[in-house]
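So the chains spell out like this:
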Amino acid sequence: SQWGEENLQALSIQEGEDVTMNCSYKTYTTVVHWYRQDSGRGPALIILIRSNEREKRSGRLRATLDTSSQSSSLSITAAQCEDTAVYFCATARTGGYKVVFGSGTRLLVSP
Amino acid sequence: GALVYQYPRRTICKSGTSMRMECQAVGFQATSVAWYRQSPQKTFELIALSTVNSAIKYEQNFTQEKFPISHPNLSFSSMTVLNAYLEDRGLYLCGASGTGGYEQYFGPGTRLTVL
């Protein structure tokens, strides 16, 4: 498969904590997407990092990409209850729009 | 902004029957539409990728005979699940992309229950 881990992981933290979610991929990619999916909804793209970028920030979100180890991370600073969702990383390649999803992390932020 | 609608949101069909689901892009031109199925465990399976003016590419384990797709213009796509059985249950998502972009916008999905 495309991904190193196939099972949905779960993380539970308190509001205000920082959290990092990791994923690794097996095949070449030019872009890594991070999506969040809220209950009853489709995935929403929250940050996109290209292969020529090592880090990308958006508000309290920070994504990193290490193409040499084929891994990416998503960090959320000072997590809030509304950050509770399932987070997915996904890869895509140049010239196509085929997005391949990883297994996801279910994040629960408690007050 | 870019929005993707899917309907129906939920559907129930009897085993062996077929159902059609639709995907509509608003606010951008959906050059490519990918159809996925998401399991209760949240695993995504890519069914097929449809690009306007190109052949539809089905992934392994998915066929046109089972999941025929139509993508007649830059705002609409539909997919039918033929002869649905229990293993076809899940949340069917369409992800639409515009020309030259990697961003894929998803609809809320059509949840298929097969009795």
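Note that the coordinates shown come from a computational prediction; the quantities given were computed from them, not determined experimentally.

(A) Expanded view of the overall build of chain A. Of regular secondary structure, chain A possesses zero helices and 10 strands. Secondary structure elements in chain A, listed N-terminal to C-terminal, are β-β-β-β-β-β-β-β-β-β. Taking contacts inside chain A between residues at least 6 apart in sequence as the whole, the part at least 24 apart equals 55%. Total accessible area on chain A stands at roughly 5500 Å², and carbon and sulfur atoms take up 45% of it.

(B) Layout of the nonpolar core. Counting 23 residues, the largest nonpolar core has Trp35, Ile47, Met79 and Tyr92 of chain B as its most contacted members. Secondary structure elements with two or more residues in this core: strand S3 (19–26), strand S4 (32–38), strand S5 (44–51), strand S8 (76–81), strand S9 (90–97) and strand S11 (110–114) of chain B. No other element matches the four residues that S3 of chain B contributes to this core. Core analysis: the next-biggest nonpolar cluster, separate from the first, contains 20 residues, Ile47, Ala63, Leu74 and Tyr87 of chain A among them.

(C) Main features of the packing of aromatic side chains. Scanning the entire structure with this criterion turns up 11 aromatic pairs over all chains. An aromatic cluster of three or more residues is present, and its members are Tyr35, Phe88 and Phe101 of chain A together with Tyr36, Phe44 and Phe106 of chain B. Across the ring face of phenylalanine 67 of chain B, the terminal group of lysine 66 of chain B is positioned such that the distance to the ring centre comes to 6.0 Å.

(D) Up close: the interface of chain A and chain B. Between chain A and chain B, the residue contacts involve 23 residues of the former and 23 residues of the latter. Both sides of the chain A and chain B interface together cover about 1800 Å² of buried area, and 60% of this is carbon and sulfur. Summed over the shared surface of chain A and chain B, the result is zero salt bridges. Elements with a minimum of two residues in the side of chain A that touches chain B: strand S3 (31–37), strand S4 (44–50) and strand S8 (85–92) of chain A. Sort the elements by how many residues they give to the side of chain A that touches chain B and S3 of chain A lands first, with four residues. Of the residues contributing to the side of chain A that touches chain B, the split by class is 11 nonpolar, seven polar and five charged.

(E) Up close: the state of the cysteines. Applying the stated rule across the entire model yields two disulfides over all chains. There is a disulfide in this structure between cysteine 23 of chain A and cysteine 89 of chain A, and the S-S distance comes to 2.2 Å. Placement of the pair is cysteine 23 of chain A in strand S2 (residues 19–24) and cysteine 89 of chain A in strand S8, with a sequence separation of 66 residues. In terms of burial, cysteine 23 of chain A and cysteine 89 of chain A fall into one category: buried. Residue cysteine 23 of chain B pairs covalently with cysteine 94 of chain B via a disulfide, S to S 1.9 Å. Looking along the S-S bond of the cysteine 23 of chain B-cysteine 94 of chain B disulfide, the torsion reads about 75°, which is the right-handed sense. Taken together, the residues cysteine 23 of chain B in strand S3 and cysteine 94 of chain B in strand S9 connect sequence positions 71 residues apart. Assessed through its relative accessible area of 0%, cysteine 94 of chain B is described here as buried. Here cysteine 13 of chain B is not cross-linked by a disulfide; its sulfur's nearest cysteine counterpart is in cysteine 94 of chain B, at 18 Å.

(F) Region of the structure containing the environment of leucine 74 of chain B. Along the chain, leucine 74 of chain B turns up in the loop between strand S7 (69–73) and S8. Discounting chain neighbours no more than four positions away, the residues touching leucine 74 of chain B are Phe28, Gln29, Ala30, Thr31 and Val52 of chain B.

Definitions and cut-offs
Residues numbered from 1 in each chain as written. Chains lettered and ligands numbered in written order. Predicted model: local features only at pLDDT ≥ 70, side-chain atom pairs only at ≥ 80, totals over all residues. Heavy atoms only, no water. Helix = DSSP H or I, 4+ residues; strand = E, 2+ residues; numbered from the N terminus. Contact = heavy atoms within 4.5 Å. Areas by Shrake-Rupley, 256 points an atom, 1.4 Å probe, with all protein chains shown as cover. Core = buried A, V, L, I, M, F, W, Y, C linked by side-chain atoms within 4.5 Å. Buried < 20%, exposed > 50% of the residue type's maximum accessible area, 1.4 Å probe, protein only. Phe/Tyr/Trp six-rings, centres within 6.5 Å; stacked < 30°, edge-to-face > 60°. Lys NZ or Arg CZ within 6 Å of the ring centre and 35° of its normal. Buried area = accessible area lost by both parts, 1.4 Å probe. Salt bridge = Lys/Arg side-chain N within 4 Å of Asp/Glu carboxyl O. Nonpolar A, V, L, I, M, F, W, Y, C, P; charged D, E, K, R; others polar. Disulfide = S-S within 2.5 Å.

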